[in-house]
Amino acid sequence: MTARILLVEDEELNRVLVRAVLARAEDPQVRDARLVEAGSLAAARDVLRHPDQVDVVLLDMNLPDGSGLDLATELATAQEKPKVIALTASVLPSDRAAALEAGCDGFLDKPYAAADLVTVIATHLPH
């Protein structure tokens, strides 16, 4: 089964970076994953109306229409909950704690190394 990743990121350059990292990943499950992109919380919610269609959400915390923490909290109570990995430029320990408390399964600071992104995705994909 092909893994499905939802990237919720408003910055085009960051989406390009994630696409490039996934395309070059050594892990075949990560490299061959189907990537769906959303540039806002509203677009992400549209995709997540069918949560069984997403295995991992890469979630930016600062989006034009709100905080990624709100979406993480919503997903934490869903029956078919995908794994959620917070991606944020904030490196404060309190922000990491807030993301994990909101229901995120992982946390990655921007800028991140490509290998770290691949590792955190691979760790959370179903096997």
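The shown structure was predicted, so the numbers you read here are calculated from the model rather than taken from an experiment. (Residues numbered from 1 in each chain as written. Predicted model: local features only at pLDDT ≥ 70, side-chain atom pairs only at ≥ 80, totals over all residues. Heavy atoms only, no water.)

### Some remarks on the overall build of the chain
- Looking only at helices and strands, the chain has six helices and seven strands in total.
- The helix and strand sequence of the chain, counted from the amino end, reads β-α-α-β-α-β-β-β-α-β-α-β-α.
- Radius of gyration (C-alpha) of the chain: 13 Å, near the 14 Å computed for a compact globule of 127 residues.
- Overall, the chain is about 30 × 30 × 25 Å in size when its C-alpha atoms are taken along their principal axes.
- Each of the 127 residues in the chain was classed as buried or not, and the buried ones make up 43%.
- In the chain, of all internal contacts separated by at least 6 residues, the share reaching a separation of at least 24 is 67%.
- Total accessible area on the chain stands at roughly 6,600 Å², and carbon and sulfur atoms take up 53% of it.
- If you average the places of the 12 positive and of the 21 negative side-chain charges in the chain, the two averages end up 4 Å apart. (Helix = DSSP H or I, 4+ residues; strand = E, 2+ residues; numbered from the N terminus. Rg over C-alpha atoms; globule rule 2.2 N^0.38 Å. Buried < 20%, exposed > 50% of the residue type's maximum accessible area, 1.4 Å probe, protein only. Contact = heavy atoms within 4.5 Å. Areas by Shrake-Rupley, 256 points an atom, 1.4 Å probe, with all protein chains shown as cover. Lys, Arg positive; Asp, Glu negative; His and termini not counted. Charge placed at Lys NZ, Arg CZ, Asp CG, Glu CD.)

### Section: the UniProt feature "domain: Response regulatory" (unreviewed entry) in the chain
- In this structure's numbering, the residues bearing the UniProt feature "domain: Response regulatory" (unreviewed entry) are residues 4-125.
- Span residues 4-125 is 44% helix and 24% strand, its end C-alpha atoms 9 Å apart. (UniProt positions renumbered as here; feature names shortened; annotations may be inferred.)

### Here we look at the pattern of salt bridges
- Counted by the stated rule, this structure contains 12 salt bridges.
- With a shortest N-O distance of 3.2 Å, Asp60 and Lys110 are connected by a salt bridge. Here Asp60, found in strand S3 (residues 56-60), pairs with Lys110, found in the loop between strand S7 (106-109) and helix H6 (114-124); they are 50 residues apart in sequence, far enough to count as distant.
- The exposure class of Asp60 is buried, given its relative accessible area of 5%.
- The exposure class assigned to Lys110 is buried, which follows from its relative accessible area of 16%.
- Here the residues in one salt-bridge network are Glu12, Arg15, Arg19 and Glu37, joined through shared partners. (Salt bridge = Lys/Arg side-chain N within 4 Å of Asp/Glu carboxyl O.)

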